[in-house]
Amino acid sequence: MSETVRTHLRVRASELVGRNWLNTGGKSLDLEALRGKIVLLDFWTFCCINCLHVLDELRPLEEQYSDVLVTVGVHSPKFEHEADPVALAAAVERYEIHHPVLDDPELETWKAYTARAWPTLVVIDPEGYIVAHLSGEGHADGLAVLIPELIAEHEAKGTLHRGSGPYVAPEPTSGTLRFPGKALFLPPGRGSTAGGPSDGGSAAGAAADGAAGKGSWLVTDTGHHRLVELGTDFQTVLGTFGSGVKGHADGPAAGDAAVAQFNEPQGLVLLPEDVAAKAGYDVVIADSVNHRLRGLSLTDGKASTLAGSGVQRLLEAGPARVDEDAAGFTGQLGGHPLDVALSSPWDVVWSRKLNAVVVAMAGVHQIFSFDPVSGAVAILAGNGLEGLLDGAPHEAWFAQPSGLAEDGDGNIWVADSETSAIRKLAIDDDGTVTVESAVGKGLFDFGFRDGAAADARLQHPLGVTVLPDGSVAIADTYNGAVRRYDPVSGTVSTLARGLLEPSDVIVDHTQSAGSEPLLVVVEANQHQLVYVPIPKEAQQVDEGAVQTHRPKSPVAPGPLQLTVRFTAPTGQKLDDRWGDPTQLKISSTPPELLVAGGGTSVGLLRTLELSPDVPDGILHITARAAACDGPETEDGEIPDHAACHLYQQDWGIPVVLQGDGDTELVLDLRGMD
């Protein structure tokens, strides 16, 4: 019988320890102050797309149980930049987090609760005892069962205290733009300068007339859930698209009469004019939190939905299942484009060779394509496993791809943010794709180092563009810099520093600010676009290479028994209609660490063999389990049309080998430590 994960031992929750508290009005919290509430600890880091998914999963529960549930975000940084308290405060505002957040830069509370991955959820009952330990996404349905159970239990005991929680909203800091994501140049004749819809104000109309020969810039005003068209001075608002209300709605999008809604739009691309004429819209928008691609007609100002069902895609959705050799499905996804599930599309670019829009599908670590004329959606590259691996598109690994650009040869450059890497889709004339890496080493390697590409380091880049000389400019977001990769010399240099989380970079050829081409940088945490000159002599910076520092688990060389614990929530059972619904994928860095036990196969138990000749390394473990709504009896059949749920988590477990180390490693996908 499946049952909600509950411990049979009374384990007292550890105190919440960190540097500072946010969203509490300056007050510090402790467990005693939270006694009588159901407390949900959300261990997160603001670079992590899976953590952002969990924030959205939890919002309905927080609203429904606001008088008894207190969510506490425990921010445990992966990247060095994320330990900056100013950057954390901006992230809390950017992602509209409406619960207290503990700043835990030294991972003190992370270690106390034995968290091993982002995101991790821990549920504490009103008496201060741990009742559940959950890893990964997709736990909202299980929590929706567990929370009422705890309410009933503790109301009966008299230990539940209803009332308002400790959240105090911070003061907003933005202006016209709020955490802009990406930008797009609209040449004369394509934007408001062509006489299309604007805000309707006389000032905007006059500015549009004056800008007729210059063009304009269309910006995803991500924090305001809309698009803004700016003049080349980056100050004059020529038009807005979207009501500014977070949500999903098609229809009129321009100006004050807008009814169309977006939810944290990110990348956008202007279609070639002949393609736009056939498709009936001009701009394709990555509507990230809606998990959809949207279209915008600059002629009539209407927004439409192009692809995406609105349901977040998981790796096994449709045919995109990874086989035992870690090869994924690539190719066209069947069905109507509005029935295809997407996951946090982050950027889009037009590919001349593919005659399609290429999409950075950050949420499933893959690259998709979309044909605006036929509506066909396809997986172009990536098997959905998170990491850095080159080669054939169905075998390659990505890690939250977030920025795209096409070069003069028709290849697509990718800012692969979680590996702090720059990747390339080398596209042959026949459309064959090969994945290559230019800069970057792995999931936990980053820094600020110029020089030879093999030794250079970035920190969570979100944007790329191709410079006039064929080199690649990089929005090196967490280093607050614009970097340059030269494919000819194979070197990395620095073009500009001192920026506040640059999220996109574009070459400006309009000569709006002089005779030389400039870079336009979307400076997200400064809520603005800025011009940056392309220096004749780039800087050479070496502030070192860094690895994410987390506690290393001591393990013994030789056999290591791995157990991943999973118990389906009440009302769900493992979906064994087509065999074992669980799966492990295991590899290591360096590869020599793992002598045996690697690869992909069913089951959540595996015996690994670790080499005695490797002193330390990282075990990369991906666990999945599929459960469906159905009878709770052990032999009960799952109804044909039951809702099913995929539970998934990727762990990178740092290990150090020593003779007296552990011979067993236990991880919780949905269970208790």
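Residues numbered from 1 in each chain as written. Predicted model: local features only at pLDDT ≥ 70, side-chain atom pairs only at ≥ 80, totals over all residues. Heavy atoms only, no water.

> I'd like a rundown of helix α2 (residues 85-94), residues and numbers included.
Most of α2 sits out of view: seven of its 10 residues are buried. A87, L88, A90, A91, V92, E93 and R94 are the residues of α2 that are buried. In this fold, the buried residues of α2 make contact with β2 (20-22), β3 (38-44), β4 (69-75) and β5 (101-103). Its side-chain oxygen at 2.9 Å from the backbone nitrogen of V86, D84 defines the N-terminal cap of α2. Positive backbone phi, at 50 degrees, marks E96, one or two positions downstream of α2. (Buried < 20%, exposed > 50% of the residue type's maximum accessible area, 1.4 Å probe, protein only. Helix = DSSP H or I, 4+ residues; strand = E, 2+ residues; numbered from the N terminus. Contact = heavy atoms within 4.5 Å. Polar contact = N/O pair within 3.5 Å; in protein donor to acceptor, adjacent residues only side chain to side chain.)

> Residue-level account of the sheet that holds strand β17 (residues 331-333), with values.
Spatially, the five strands line up as an open sheet ordered β17-β21-β20-β19-β18, and their pairing is antiparallel. Taken across any chain shown, the strands that pair with only one partner, and hence form the sheet edges, are β17 and β18 (345-351). Across the sheet, the axes of successive neighbouring strands diverge by a mean angle of 30 degrees, strand direction being ignored. Bridge count between strand β20 (residues 366-370) and strand β21 (residues 377-381): four bridges; the pairing is antiparallel. Following the sheet pairing, F368 is matched in β21 by I379. (Pairing = 2+ DSSP bridges. Axes fitted to C-alpha atoms, helices over the stretch in contact; angles between N-to-C directions.)

> Just give me the short version of the packing of aromatic side chains, but keep the residues and values in it.
In total, this model carries 11 aromatic pairs according to the counting rule given. For the ring pair W217 and F234, a centre distance of 6.1 Å and an interplane angle of 75 degrees mean the geometry is edge-to-face. Placement of the pair is W217 in strand β9 (residues 216-221) and F234 in the loop between β10 (226-230) and β11 (237-241), with a sequence separation of 17 residues. F234 matches W217 in its accessibility class, with the two residues each being buried. Seen from their ring centres, F566 and Y647 are 5.1 Å apart, and the 55 degrees between their planes marks the pair as tilted. Taken as a pair, F566 in strand β37 (residues 558-566) and Y647 in strand β44 (residues 644-657) lie far apart in primary sequence, 81 residues in all. Take F566: its relative accessible area is 14%, and that puts it in the buried class. Grouping aromatic residues by their ring pairs yields a cluster made of F43, W110, Y113 and W118. Above the ring of F444, the side-chain terminus of K78 is found at 5.3 Å from the ring centroid. (Phe/Tyr/Trp six-rings, centres within 6.5 Å; stacked < 30°, edge-to-face > 60°. Lys NZ or Arg CZ within 6 Å of the ring centre and 35° of its normal.)

> Tell me about the pairing of β20, residues and numbers included.
The side chains of a regular strand alternate between both faces of the sheet. Burial analysis of β20 places five of its five residues in the buried class, which makes it a mostly covered element. Burial along β20 is two-sided: the face carrying Q366, F368 and F370 and the face carrying I367 and S369 are both buried. Once strand β19 (residues 356-361) ends, the chain turns through four residues before running back antiparallel as β20, passing H365 with a positive phi of about 55 degrees. Here β20 folds back onto β21, and the loop between the two strands holds six residues, one of which, G375, carries a positive phi near 85 degrees.

> Tell me about the sheet that holds strand β22 (residues 401-406), and name the residues and values.
Pairing is antiparallel in the open sheet, where four strands are placed in the order β22-β23-β24-β25. Every interior strand has two partners, whereas the edge strands, β22 and β25 (433-439), have only one. Averaged over all pairs of adjacent strands, the angle between their axes in this sheet comes to 25 degrees, without regard to strand direction. As paired strands, strand β24 (residues 421-427) and β25 are joined by six bridges and run antiparallel to one another. What sits directly across from R423, in β25, is S437.

> Which residues make up the layout of surface pockets, and what values go with them?
Roughly 770 Å³ of internal volume is contained in the second largest pocket. Surrounding the second largest pocket, 30 residues form its lining, L184, V269, V349, T465 and I506 being those nearest its centre. Every element with two or more residues in the lining of the second largest pocket is listed here: β8 (183-186), β13 (265-270), β18, β22, β28 (463-466) and β32 (502-508). Of the residues assigned to the lining of the second largest pocket, the class counts are 20 nonpolar, three polar and seven charged. (1 Å grid on protein atoms, 1.4 Å probe; cavity = no way out; pocket = protein on both sides within 12 Å on 5 of 7 lines; lining within 4 Å. Points joined across faces, edges and corners; volume = space filled by probe spheres on them. Nonpolar A, V, L, I, M, F, W, Y, C, P; charged D, E, K, R; others polar.)

> Quick rundown of empty space enclosed by the protein? Include the residues and the values.
Once rolled over the atoms, a probe with the size of a water molecule shows which space is left empty. One pass over the full model with this rule turns up four cavities of 30 Å³ or more. Each pocket or cavity is described by its volume, and for the largest cavity that value is around 510 Å³. Together, 40 residues line the largest cavity, and N50, H365, E386, Q649 and D650 are the ones closest to its centre. Residue assignment for the lining of the largest cavity shows that the elements contributing at least two residues are β39 (582-589), β43 (616-629) and β44. For the second largest cavity, the calculated volume is near 250 Å³. Lining the second largest cavity are 27 residues, with R94, Y95, Q266, W346 and L462 sitting closest to its centre. Of all the secondary-structure elements, those providing two or more residues to the lining of the second largest cavity are α1 (49-64) and α2. At four residues, α2 tops the list of elements feeding residues into the lining of the second largest cavity. When grouped by side-chain class, the residues that make up the lining of the second largest cavity number 14 nonpolar, nine polar and four charged.

> Describe the nonpolar core, listing the residues and the values that go with them.
Counting residues in each nonpolar core, the largest one holds 46 residues, and the members touching the most others are L16, L41, V72 and Y113. Listed by contribution, the elements that provide at least two residues to this core are β2, β3, α1, β4, α2, β5 and β6 (120-124). For V72, the contacting residues outside a window of four places in its chain are L16, W21, L34, V39, L40, L41, D42, H99 and P100. In terms of nonpolar packing, the next biggest core, distinct from the first, is built from 28 residues, V555, L560, V614 and L619 among them. (Core = buried A, V, L, I, M, F, W, Y, C linked by side-chain atoms within 4.5 Å.)

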